[in-house]
Structures are given as structure tokens and as C-alpha cells.
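Single-letter residue listing:
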Amino acid sequence: MKKRVLAVAASFIASIGLVACSGASSTNSATGTSSSGKEEAAVTTAAGDAADTAEDAEKAAEWPASKTINIICPASAGGATDSAARIWASYLTEAYKGTNFIVQNDNTGNGTVAMEKVRNSKNTDGSDLLFYNTGMLLANHTGAYDYSLFDDFKFITIGFTTTPDGFELCVPADSKYTNMQDLVDDMKSNPGTLITGIQNGSTRQFLAGAMKAATDTDFKMVDTGSEADTITALLGGNINFAFIQPSNAKQYIENGDLKALAICQDERSENYPDIPTTKEQGYDNINVNSYQLVVGPKDMSDATANAIAETMKGYAENATVADTLGKMNVKYTYTSREDCLKMVQDADKVYTDAAKAIGY
């Protein structure tokens, strides 16, 4: 999978051929001195004009403001987050000639070193950016990282949804459960008996917590490691159910080894339209979406953050970007910075409830 994603990213870098222009407006302000009432009135008017001018200049912030933009990625090379960062960087390199957009991978301390580098950066002009995912929310909820995305950074925008199809609630094919309600009923009849496989600190752990909170049930969670190892545990009868990404579960479902009771989304997936959602089956907030995030230092101005977020318009409209992301089963539609923030805040509410349910 890593080789495939890298190949996709490399193909994008080699084939992208768009040129965009960056523009900004600026205005001049006037100042004066006074020694009379009329002059004082003139100064008051000039001061007001100057304030308006400053506000207009702030609204028209220009980006990139530096010849080198560091896109710091707290993930290893070859993964989905790294590939997404490089696709965006390649697009920006073509769009803004003369500026170097450099992706720096640093997964030291499970990404905390990279997050700290951006949080403490004095470069508030957008030359130091963090490209990570909502794993930084999980790190904060689990206590692995002390600082909050919302309080200690400047949120900029969403790159795209890392898990556009969510996760599937899977059981062995010969399981007695035929839908989600069957499983929930059994958990209520036998509290603390059924077992699910998770990986501590992962989205799957928080999905299990979200399920506990949404269904008011009790079941055991054991760390079964990666999704591949979790599937092995599920097939071996060591656990009763698990949350698996559709792309990883697909071959086992087609082979008749697993079945999906639900997909953890509010709306049916375009790629897996036959699988009912958790919401359809009466349970909200079991949709822990993972987003790729673009984040800056806390003291970055909103004008600069807005200017960076606006680059996503051209990104969304570029055919090569769309084709490249499509090969990763990802679609990107431009969404305003304000709406992106709300999406992340909504996701964090689910994370918060899930964290409480699993004891964080």
C-alpha cells in the first residue's frame, strides 16, 4: 500500500501542470498633526481612515510571504498523511512559482516533536505549517500531548478526509449477528462479555468508546495491534467484532470470511452503498472521522490563515489533483475555513464523549 501511495504521489509530482497567480491589494494611509479644533477633527477622520486601511490590508494578507514554506508532517514517509502533504506541496509549487514548498517528515515522539516545532515557531507568516491529521486530537484526549489544536494552534483548513468511507463494524461471516441491533442486544444481555479488538491511542479505540457512549453498552477492549492483526484475531475467534477500514475488509467480505453489520458514517458510502450506516440503524455519533489538517502557530493572523485556506479552491478545481486523490479513493471538495473548523469541532465532540467512555 505504501508503494502504491508513493507511486500515486510521484505520478502527481511528475504530471501536474497548472499555473496559478497570487494577488493581493494594498492601500496607503495618511497621518497628520493638529493644533486646532478643525485640525483635531481632521486627525480623528484620518485616524479612522487609517484604521479602515489597516483592516483592509489585514483582510488582503498575501501568501506565500516567504521563498521557503516548511510543511512539517508528523508522519513517516509513504503513508496517507505524508502522501497528502506532498500532493498539496506539489500543487503549491506549481501554483506559486519561485517559492519552495518543502515537506519535512518527523515522527519523533509519535509526532509530538513536530507539533511542538510548529506550536513554538515565531514564523507567523505561514512559512512554518503543520500538516497532520486528527490524531493530534486523540493525542490530547489520551494525555500523550498536553496542547490543544483549538487553544494552542491556529487552525487553517482541512486537507481531506483520511477515512472517507469511515470504518466498518465487522464480525466473522458465521456470526449469529445479522445487523447492528443484534450485536447491541447481545451486549446488553451479557454486559462486559463480548470483546472487540483495538489499538491503544488509535481511531479504532475511540470508535469503540463512541459505540459504548452511543449504545450505553459495556464490552471488553483488547489491544490487537494493527488492522491486519485485528482481522486475524477476528477470523480466529479471539474477538467478537472489530472496526475495520473498508479497503482492508473488502477482500475478506468478498471471500466470505467476514461480514459488515454497519458502516460508521451518517450517510451511505458511494464506494460501499449496500452497507447500512450506524445512523440508519438508530445510533448517532459512531462516526469518528479522521481529517488531514493544515495548522499554524497560534499567533498567526486570521488573514494569513484565510489566505492559506483560499489556496484550496484551486486545489479542489485541479483535474490532476482530483485524479490523484481518486486513486486513493478520496474526493476533495472545497469547504470554507469556517465550515472546516466546525467539522473538526464536531468530530472532537465525538472524541470527547468516546474518551470519557473509555476512561481517559
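Up top is the structure these notes are about.
Residues numbered from 1 in each chain as written. Predicted model: local features only at pLDDT ≥ 70, side-chain atom pairs only at ≥ 80, totals over all residues. Heavy atoms only, no water.

Tell me about the side chain of Lys212, and please be specific about residues and values.
You can see Lys212 is positioned in helix H8 (residues 203-215). Sequence-distant contacts of Lys212, that is, excluding residues within four places in its chain, are made with Thr217, Asp218, Phe219, Met221 and Ala357. (Helix = DSSP H or I, 4+ residues; strand = E, 2+ residues; numbered from the N terminus. Contact = heavy atoms within 4.5 Å.)

Can you tell me about the layout of surface pockets, naming the residues and giving the values?
Empty space within the largest pocket amounts to approximately 1800 Å³. Together, 50 residues line the largest pocket, and Ala80, Thr81, Asn133, Thr162 and Gln245 are the ones closest to its centre. Every element with two or more residues in the lining of the largest pocket is listed here: helix H1 (2-15), helix H3 (80-95), strand E3 (128-133), helix H5 (135-142), H8 and helix H10 (246-254). Top element by residues in the lining of the largest pocket is H5. It accounts for four residues. Considered class by class, the residues forming the lining of the largest pocket number 17 nonpolar, 26 polar and seven charged. The volume enclosed by the second largest pocket comes to roughly 830 Å³. (1 Å grid on protein atoms, 1.4 Å probe; cavity = no way out; pocket = protein on both sides within 12 Å on 5 of 7 lines; lining within 4 Å. Points joined across faces, edges and corners; volume = space filled by probe spheres on them. Nonpolar A, V, L, I, M, F, W, Y, C, P; charged D, E, K, R; others polar.)

With reference to specific residues and values, describe the state of the cysteines.
A disulfide bridge is the covalent bond that connects two cysteines by way of their sulfur atoms. Within the structure shown, the criterion is met by zero disulfides. Not engaged in a disulfide, the cysteine Cys170 finds its nearest cysteine sulfur in Cys264; these two sulfurs lie 8.9 Å apart. (Disulfide = S-S within 2.5 Å.)

Break down the side chain of Ser148 for me, with residues and values.
Mapped onto the fold, Ser148 is located in the loop between H5 and helix H6 (149-152). A distance of 3.3 Å separates the side chain of Ser148 from the backbone nitrogen of Asp151, its partner in a polar contact. Other than its neighbours up to four places away in sequence, Ser148 contacts Asn140 and Phe153. (Polar contact = N/O pair within 3.5 Å; in protein donor to acceptor, adjacent residues only side chain to side chain.)

Provide a residue-level description of the sheet that holds strand E5 (residues 168-172), including the pertinent values.
Taken together, five strands build an open sheet; the order of strands is E7-E6-E8-E5-E9 and the sheet is mixed. Lying at the two open borders of the sheet, with one neighbouring strand each, are strand E7 (220-223) and strand E9 (258-263). Between one strand axis and the next, the sheet turns by 35° as a mean value, whatever way the strands run. With three bridges connecting them, E5 and strand E8 (residues 241-244) associate as antiparallel partners. Note that in E8 the partner of Glu168 across the bridge is Ile244. (Pairing = 2+ DSSP bridges. Axes fitted to C-alpha atoms, helices over the stretch in contact; angles between N-to-C directions.)

Help me get a handle on the pairing of strand E4 (residues 153-161), residues and values and all.
Counting buried residues along E4, eight of its nine residues qualify, which places the element largely inside the surrounding structure. The sheet contact formed by E4 and strand E10 (residues 291-297) spans six bridges and is antiparallel. Residue pairing across strands places Lys154 opposite Gly296, the latter belonging to E10. (Buried < 20%, exposed > 50% of the residue type's maximum accessible area, 1.4 Å probe, protein only.)

Mind laying out the environment of Thr124, listing which residues take part and the relevant values?
Tracing the chain through its elements places Thr124 in the loop between helix H4 (112-119) and E3. When its relative accessible area of 28% is taken as the criterion, Thr124 is described as partly exposed. Along the sequence, Thr124 and Gly296 sit 172 residues apart, while their C-alpha atoms lie 7.4 Å from each other. Leave out the neighbours within four places in its chain, and Thr124 touches Pro297, Asp299, Met300, Ser301 and Thr304.

Would you mind going over the sheet that holds strand E1 (residues 68-73) in detail, with residue names and values included?
With respect to topology, five strands assemble into an open sheet ordered E2-E1-E3-E10-E4, the strand pairing being mixed. Unpaired on one side and paired on the other, strand E2 (100-105) and E4 mark the two borders of the sheet. Put simply, the sheet's adjacent strands are angled 25° from each other on average, direction ignored. In this structure, E1 lies alongside E2, joined through six bridges in parallel fashion. Within E2, the position partnered with Thr68 by the bridge is Asn100. Contacting E1, E2, E3, E4 and E10, H3 crosses the sheet at an angle of about 170° to E2.

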